[in-house]
Every structure is written in structure tokens, then in C-alpha cells.
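Structural characterization, general
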Amino acid sequence: MAAEFALDHMYHWIYILAIIVSFLMAWGIGANDVANSFGTSVGSGAITMKQAVVIAWVFEFCGAFFMGGRVADTMKGGIVDPKIFLIPDGKFDKAGAALLMWGMFIAIAVAAVWIVLATFYGMPISTTHSIIGSFIGFSMVAKGANSVFWYKEDPTSDLKVGGFAAIVVSWVLTPLIAGMASVVLFTFTKIVILRPQNSERRTLIAMPIYYGLTAFIITFFIVYKGSARLKLSDIGNGKATWIAIVVAVGVASLAALIGIPLAKRRLANLEDRKQHKAEQKARDRALIAQVAGGGAKECDEEKGEQGCKAPASRVEEDGAGPLMTTWQRVKAWYLLVESKTISHDLEFTEHTLDLHSRAEMFDERSEELFSFLQVLTACAAAFAHGSNDTANAIGPLSAVQNIYQGDAVKFDAKKGKLTLPKLEVESWQLAMGGFALGLGFAVWGWRMVRNLGGAVTKMTPSRGFTAELCAAMTVVVASRFGMPISTTQTLVGATIGVGASDDWRNVDWWLFGQFVISWVVTILFAGFGTAAVFSFTVFSPSVQV
């Protein structure tokens, strides 16, 4: 801690509140952003919501811990230069530091509120754009419109575009690239693999190739991005490519030797597993109905309520109704809570079901094989998301902490002047963020899964795999060329592309239009909301008592 740059203890309460709202924002990111990554996997039936929650908790945290930065910029996105607050004239400005700390807190709070609201209404938004919009809002109020980089040349990008203009470009560029890629890949998959009579055999042959392609993309992303923890920071493009090729060949070989025999064994008892799953679901629903006062019933899902009957094992005493052990009651209450959160049914409207009826359907056994591939892409999506977007909640908190403790500014003896170093992100902050991500996804993730998992277009394992793989490819390519990117918008574009590859009428364009509007509103709400709260709290008249 640099005592000469530290703020007074009177600001300690801001730091405490920043921890709370950062947890809320991470919770919202889990419910919105993480759920976006798993929408196609759950919607297609490749994995259940419970399995998705476990995968998300594990791989999101691993991505944040191993690939996420242990250091962060004071203000993410390069939209606002924190020097105008901390060292405007080359000298430390204590009042400016306090103003920046307060502005950062307001930014986190407003961004968190917007993310939670958007999630409640099922709108997939960019959490990165939420926090950047908040930065723009309070910076304009505090330092004027010229404090924001609306447009600047970025030499690190092949587009040579930076600042706010890069965000506007990303609204069009990322969905378009991902959508075009998914149209091409899914059209190829349909013609070569899924439509022929021997589609099951063709899918088995293609599995190692697709496994290898997925492994190549994931490995190249990890190595190219360069984790300091894994000592990958100084590896060049050529070496990264060769490492990715070697890993891809290894994964493809394992898929051929081990994966295909396991897949054949899974197909052998496909019908038995489907029946067992349906029976287990009926038993769970009966237990929930019993504890909720609906009576213990076992139901045939195909016959609906008319197929319900009292269970054979029911025990009654003096006509008082079914008896339940303590364990059964505990399990029933857990299942009741789970049915409203983790295992919430993806209920669709008649309009959506009509949309689904237009989609081309393929052999069930071939689709089951694609569910293997989709599990891998789901894990990859969670890992990549954890490495990138956890910092949206934790980065601003780290900035508040470092400003308060005086570590946001240091004297560089070599340059002979004050500079802004990279900020240290503490392990407990990453742990808190990882826990909140998983909790948010577990509680409210179904809201987003419902939209990207079927509301906007029909989703099956082959479609879900294509969307996730093309979204991952787009992220890697965009990162390689320094292009602006939003993982949420990329996945939405890939999902739309998969649906449109069958027929443009297979896509709910009205819902997609709402998505696009929400991307624009994200910047506006976060910006104006933060500006309003910041103005009210900083510039309101005060009376000395």
C-alpha cells in the first residue's frame, strides 16, 4: 500500500459496498452471460440444466483462475483514460481519485441492476458493454464529453478502430461473422452427414474430425491468449498453431479409439435411458405434488393429467393421506426448489412451437451422437467465458480497492514520473466471482436458456454444436486480428445462422430484433443511469449543519 496515494478511511464504506454490488453483478453475469453459453446445449437436450450448472461452476472458475488476468486495467475497454482523474497534470489528485472511486462504485451498481433486469426479461446482453457504458456515463458528468474516446485509431487492431466506435462495429460485425460461419458449417453437415440414409455411420466417422477441430480452436485460444500462470505469455503465432495441431490430432485419435466405442454403447441402450429418465421425472413430479399439497400422483406424460393415478406404494393411515418419511419430505422440498430454478422447464409458446415444426429433423441416433460433441463445446464455452468476462465484475472492484489503498498510482523511477500500473486482482475476489457466477446461473439461468435454447429457433444437438463451435471460432479469429468482440452477440449470431440455414422462417425475427435493441439500450441505460445517479450524489446542493 502506497500511503501517500491512499484515500482517507472515511471512504472505507464505499469499498465495502463495492464488494456487495460486485457480487450482485457477478450473479447477474452468471444468470445472463453464462446462461447464453449453455442455452444451445440445454435447449437441444444434450445436457440437463443440472449438468450445465456443474459444468459452468467448474469450467468458468478454471477459466478465470488459469486464464483470467491476475492483473487488470483501472478502467476496462480503453474508452476513458483514468489519468484525467488520478494524475491530470502529472501530479496525484486526491480529490480526483475519490471521485473516480465513487464513480466506479456507481458504475458497478447501475451495471448490476441493468444486467439483472435484462435477465429477468430474457434479453441476452453484453455485460462488457454494460460496465463500459457506465464508465462513459460518470466520466462525461465528471470531466465532460471530451474525456471519452469516441473514436481513436488502434494500432493493435487490423480494423484500426478503437474507442466507442469499436463497440458500435461489434454490434454488426460479430453476429454477422458468426452467423455466416454457422450457415456454411451446418449446411455442409446436413448435406454430407445428416441427410443421407447412413447418417449414423457418417456421424461416427465425422466425430473424431469434429473433436479435433474443437480441440484445435480451444487450444489455440488458450495458447495464443497467453496465460501468465501457465507460462504461455511469450509463445508466438507459429508455435501456438503447432501446439494446437498436436493437441487436435491427439484428441481426434482418442475420439476414434475410445470415443466411438463409448458412443456405440450409449446408442445401444438409448431407448432404455429415455424411458428411465421419463419415469424418474414422473416420480419427482409426484413427490413435489405431494409435499406441495397436490396429492401423491404418478403421471404418464403422454396422457397428461388424465394419465395420473395414485402410486402403488402409497401408504395411508385412517384416510389421512400419504405418509412421508423425513428424507422423502426433505427431498421433495429440494425438488420443488430445483424445479423453479436449476431444472426449470423450458416452456414455449404456440408461436414458438409452430416455428419449431418448420425445422428439418434428422435421425434421432445421429443427433444423439452430436450430443457428445456438444458437451465438449459447452465445456470450452464455459472455460473461454470464465477467462474473459469474469473481470467485468471483479475488475472494477479491484480498481476501487486499489484506488482506496493507494496502489492505483506509483512513481516510476526510470521515467521519473507518476504512472498507472496494472492492478492486482486478489484470489479471494476471483473466488467470490466464480461462486457468484455459478449461483446466478443456477437460480436464474433458465430464463436465458429458454430464449437461446429454443425460443429464437429450433435447437437440436447438431444445431447446438454448430452454433457453439462457430461462436468459438469467431471469438478466436476476432481475438487474433484484434477485432472488437462480444461473446453474447457472437453466440446469438451463430444461433440465428443455424436456424436460417434451414429456412429464414425458422427464426423468430421479432425476438431477434428485441435482442438487437437490448444491445443498444444496454449502453444507453448504463450510461444515462450512471450519469444520473452520479450527478445526483455529487452535485446536489448540500447544507452545512
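Here, the structure is the one placed above.
The following paragraphs examine the structure supplied in this document. Note that the structure is a prediction, hence the values are computed from the model and not measured. (Residues numbered from 1 in each chain as written. Predicted model: local features only at pLDDT ≥ 70, side-chain atom pairs only at ≥ 80, totals over all residues. Heavy atoms only, no water.)

1. A short note on the nonpolar core
Among soluble globular proteins, nonpolar side chains are generally buried collectively. To be explicit about the condition: By nonpolar core we mean a set of buried residues, namely Ala, Val, Leu, Ile, Met, Phe, Trp, Tyr and Cys, connected to one another through side-chain atoms within 4.5 Å. Burial status follows relative accessibility: with a 1.4 Å probe on protein chains alone, a residue under 20% of its type maximum counts as buried, one over 50% as exposed, and anything between as partly exposed. Throughout, a residue-residue contact means that at least one pair of heavy atoms, one from each residue, lies within 4.5 Å.
Counting 92 residues, the largest nonpolar core has M25, F38, M101, F138, F441 and F515 as the members making the most contacts within it. In contact with F515, not counting residues within four places along its chain, are G122, M123, P124, N451, L452, V456 and V492. Formed by 36 residues, the second largest nonpolar core is a distinct cluster that contains Y210, I222, A467 and L491.

2. Some details on the pattern of salt bridges
Here is the rule: What makes a salt bridge here is a side-chain nitrogen of Lys or Arg within 4 Å of a carboxyl oxygen of Asp or Glu, nothing more. A run of H or I in DSSP counts as a helix once it spans at least four residues, and a run of E counts as a strand once it spans at least two, with each numbered from the N terminus.
Per the counting criterion, the structure on display carries 8 salt bridges. One salt bridge in this structure joins K94 and D8, with 3.2 Å as the shortest N-O distance. Taken as a pair, K94 in helix α4 (residues 94–120) and D8 in the segment before α1 (12–43) lie far apart in primary sequence, 86 residues in all. Relative accessible area serves as the criterion here: at 37%, D8 is assigned to the partly exposed category. Notably, a salt bridge pairs K190 with D502, separated by 2.8 Å at the nearest N-O pair. Of this pair, K190 sits in helix α6 (residues 164–194) while D502 sits in helix α16 (residues 487–502), and the two are 312 residues apart along the sequence.

3. Quick look at the packing of α4 against helix α14 (residues 427–455)
In plain terms, the rule: Between N-to-C directions, angles span 0 to 180 degrees; the directions come from axes that are lines fitted to C-alpha atoms, helices contributing only their stretch in contact. Any angle between 65 and 115 degrees counts as roughly perpendicular, while under 35 counts as roughly parallel, over 145 as roughly antiparallel, and the rest as oblique. Residue polarity follows a fixed list, in which Ala, Val, Leu, Ile, Met, Phe, Trp, Tyr, Cys and Pro are nonpolar, Asp, Glu, Lys and Arg are charged, and the others, Gly among them, are polar.
One way to put it is that α4 packs onto α14 with a least axis distance of 9 Å and a crossing angle of 55°. Between α4 and α14, the interaxial angle falls into the category oblique. For the pair formed by α4 and α14, the contact residues are V116, T119 and F120 on the first element and W444, R447 and M448 on the second. When the residues that make up the contact of α4 with α14 are grouped by side-chain class, the tally is 4 nonpolar, 1 polar and 1 charged.

4. Digging into the side chain of T214
The line we're drawing: N or O atoms within 3.5 Å of each other form a polar contact, as long as, within protein, one can give a hydrogen and the other can take it, and as long as residues adjacent in sequence are counted only when both atoms are side-chain atoms.
Within the secondary structure, T214 is located in helix α7 (residues 199–225). T214 sits in the buried class, given a relative accessible area of 3%. Looking at T214, its side chain comes within polar contact range of the main-chain oxygen of Y210, at 2.8 Å. Excluding anything up to four places from it in sequence, T214 contacts L376, T377, F465 and L469.

5. Focus on helix α11 (residues 350–357)
Side chains of residues three or four places apart in an α-helix project in the same direction, reflecting 3.6 residues per turn. Keep this limit in mind: Arc definition: directions from the helix axis to the C-beta atoms.
Buried residues of α11: T352, L355 and H356, and no others. What you see down the axis of α11 is that its buried residues fit within an arc of 100°, all on one side. More than 90 degrees from the buried face of α11, the exposed residues found are E350 and S357. If you follow the buried residues of α11, they end up packed against α14.

6. Side note on the environment of E4
In this structure, E4 sits in the segment before α1. Taking relative accessible area as the criterion, E4 reaches 57% and is therefore assigned exposed. It is 9.3 Å that separates the C-alpha atoms of E4 and F92, two residues lying 88 residues apart in sequence.

7. Some points on the side chain of T490
Within the secondary structure layout, T490 lies in helix α16. Exposure remark for T490: the relative accessible area of 0% places this residue in the buried category. Sequence-distant contacts of T490, defined by excluding residues within four places in its chain, comprise T174, A178, A471, T474, V475 and I485.

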